[in-house]
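# Structural description and commentary
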Amino acid sequence: MIQDPKVSVVVVNHNRADLLSRCISSLQNQTFNPFEILVVDNASTDESRFMVGAIADPRILWLPQPINRGFAAANNIGIRAARSSLIALLNNDAEASGDWLEQLVRAASRDNSYGMWASRILATDGQSIDKVGHLMFLDGQNRGRGTGQYSRGRFEKEEECFFPDGCAALYRLEMLKELGGFDEHFFAYADDADLGVRACWRGWKCLYVPHAIVYHQHSSTLGAYSPEKIYWIERNRLWLAVKSLPLPLLLLSPIFTIYRWSWNFAAAVLGRGAAGHFTRKTPLWKVLKTLVRAIIDAMLGVPMMWRKRQLVFSSRRISHSQFLRKLWLYRISARELAFQDKE
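Residues numbered from 1 in each chain as written. Predicted model: local features only at pLDDT ≥ 70, side-chain atom pairs only at ≥ 80, totals over all residues. Heavy atoms only, no water.

A few words now on a nonpolar patch on the surface. A cluster of nonpolar side chains, namely Phe265, Val269, Leu270, Leu284 and Leu288, defines an oily patch on the protein surface of about 520 Å² accessible area. Listing elements by their share of the nonpolar patch, those giving two or more residues are helix H8 (247-270) and helix H10 (284-300). Per element, the largest residue contribution to the nonpolar patch is three residues, and it comes from H8. Accessibility expressed as a relative area gives 45% for Leu288, which makes it partly exposed. (Patch = residues over 30% accessible without salt bridge, like charges linked within 9 Å, V, L, I, M, F, W, Y side chains within 5 Å. Areas by Shrake-Rupley, 256 points an atom, 1.4 Å probe, with all protein chains shown as cover. Salt bridge = Lys/Arg side-chain N within 4 Å of Asp/Glu carboxyl O. Helix = DSSP H or I, 4+ residues; strand = E, 2+ residues; numbered from the N terminus. Buried < 20%, exposed > 50% of the residue type's maximum accessible area, 1.4 Å probe, protein only.)

Here it is, written out as structure tokens:
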């Protein structure tokens, strides 16, 4: 174990020894030091444990879990074990450029009003953008900014954004403790959005750092067009809305959602965007069945999220109008949500 790390990097893993090996290798080649690598393993049954155990690096701490706790809970475990004031997250299916940490830490040292820093996340070919921060639709559905666009000449300026993607981000530990970390009920998907929105209500800002580059193998866990992914995204979207959207917007949320679904239906019929890809790989009836299951489970969890809502709004530091202005600034249209997709 190294002494006094300046940054703690949390890597969550579940049965992806092949990807994890490349992820850790990219961290070992960072120009920044000292930092620690906390690998939180969600009950893997593959070679992950032996692969990490064979790496002779005092910076790596292996944190095995007896069951799959999900992305949110696993990150919280890593955060609690961290020994530094800055916490970086890196997906096991991502590889960081050599100066990724250096660029993020340099940005973090300049302004204490920022609690989150977003990376420039590219596809593995380096030619297209996976996400550079996040945008949000008015019903709480979020999407990566710049998704699917060619990377050259786009989003090359350091600027404020809504919140980072949990695939590759830096957070101030002070902020994470204030928010209570990730909401573990989300399990996976939208947990980073929930955290970012709650941070926004507390007055924390996020900075996009264009030279902090990561290459991401998109949706390697469930698959880019898995019905299970639809389930987590739609269930957690509704929970985020109940928990964190201003009441007038929450009441209008069903209308916005129906409008968003209508665009998704059009995209599916035309074979365009993510909806088109889903229906080519999965029968439409199965997609609709998954969607219904997600809505039912989301509604069952509404009372719990409503109780959590009380904490979000009782501890807010910005006004409703300030939040709505920020949401409007970083909004995404239903058409773009439906038709935008990876090239």
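Next, the rest of the story.
A few words on the pairing of strand E2 (residues 35-42). E2 sits mainly inside the fold: eight of its eight residues count as buried. Alternating residues of E2 divide into Phe35, Ile37, Val39 and Asp41 and Glu36, Leu38, Val40 and Asn42, and every residue in both groups is buried. The handedness of the strand E1 (residues 7-13) to E2 crossover, carried by helix H1 (residues 17-28), is right-handed. Pairing of E2 with strand E3 (residues 60-65) involves six bridges; the strand directions are parallel. For Ile37, the partnering residue across the bridge sits in E3 and is Ile60. In this region the chain leaves E2, passes through helix H2 (residues 48-53) and returns to the parallel neighbour E3; the handedness of that crossover is right-handed. (Right-handed = clockwise from strand over helix to strand, strands pointing away. Pairing = 2+ DSSP bridges.)

The nonpolar side chains of a soluble globular protein tend to be buried with one another. Membership of the largest hydrophobic core comes to 63 residues, with the highest contact counts inside it found for Ile87, Met136, Phe162, Tyr171, Met175 and Phe323. Looking at this core element by element, the count peaks at six residues for helix H6 (residues 191-201). Discounting residues that sit within four places of it in the chain, Met175 has contacts with Gly115, Met116, Ala199 and Trp204. Leu27, Val105, Ala108 and Trp117 belong to the second-largest nonpolar core, a separate cluster that totals 35 residues. (Core = buried A, V, L, I, M, F, W, Y, C linked by side-chain atoms within 4.5 Å. Contact = heavy atoms within 4.5 Å.)

This brings us to the environment of Asp111. Here Asp111 lies in the loop between helix H4 (100-108) and strand E6 (114-123). When the C-alpha atoms of Asp111 and Trp204 are compared, they prove to be 11 Å apart, with 93 residues separating the residues in sequence. Of the polar contacts made by the side chain of Asp111, one reaches the side chain of Ser113; its length is 2.7 Å. (Polar contact = N/O pair within 3.5 Å; in protein donor to acceptor, adjacent residues only side chain to side chain.)

To continue, consider the pattern of salt bridges. Applying the stated criterion across every chain yields a total of 21 salt bridges. Across the pair Arg16 and Asp18 runs a salt bridge, and its minimum N-O distance is 3.6 Å. Of the residues examined, Asp18 reaches a relative accessible area of 43% and is grouped as partly exposed. Note that Glu95 is salt-bridged to Arg22, the shortest N-O span being 3.4 Å. You can see Glu95 sitting in strand E5 (residues 94-96) and its partner Arg22 sitting in helix H1, a full 73 residues away along the chain. Exposure remark for Glu95: the relative accessible area of 33% places this residue in the partly exposed category. Exposure remark for Arg22: the relative accessible area of 38% places this residue in the partly exposed category. When salt bridges that share partners are traced, they join Asp183, Asp194, Arg198, Lys243 and Lys308 into one network.

Right, let's talk about the packing of aromatic side chains for a bit. Per the stated rule, a full pass over the model turns up ten aromatic pairs. Here a set of aromatic residues connected by ring pairs shows up, and it is made of Phe162, Phe163 and Tyr330. Between Arg331 and the ring centre of Trp328, over which it is positioned, the NZ or CZ distance is 3.9 Å. (Phe/Tyr/Trp six-rings, centres within 6.5 Å; stacked < 30°, edge-to-face > 60°. Lys NZ or Arg CZ within 6 Å of the ring centre and 35° of its normal.)

As a further point, take unusual backbone geometry. In this structure, the amide linkage connecting Asn33 to the following residue, Pro34, adopts the cis form with an omega of -5°. Summarising the element assignment, Pro34 is placed in the loop between H1 and E2. Despite not being glycine, Ala43 has its phi angle at roughly 55°, a positive value. Looking at where Ala43 falls in the secondary structure, it is placed in the loop between E2 and H2.

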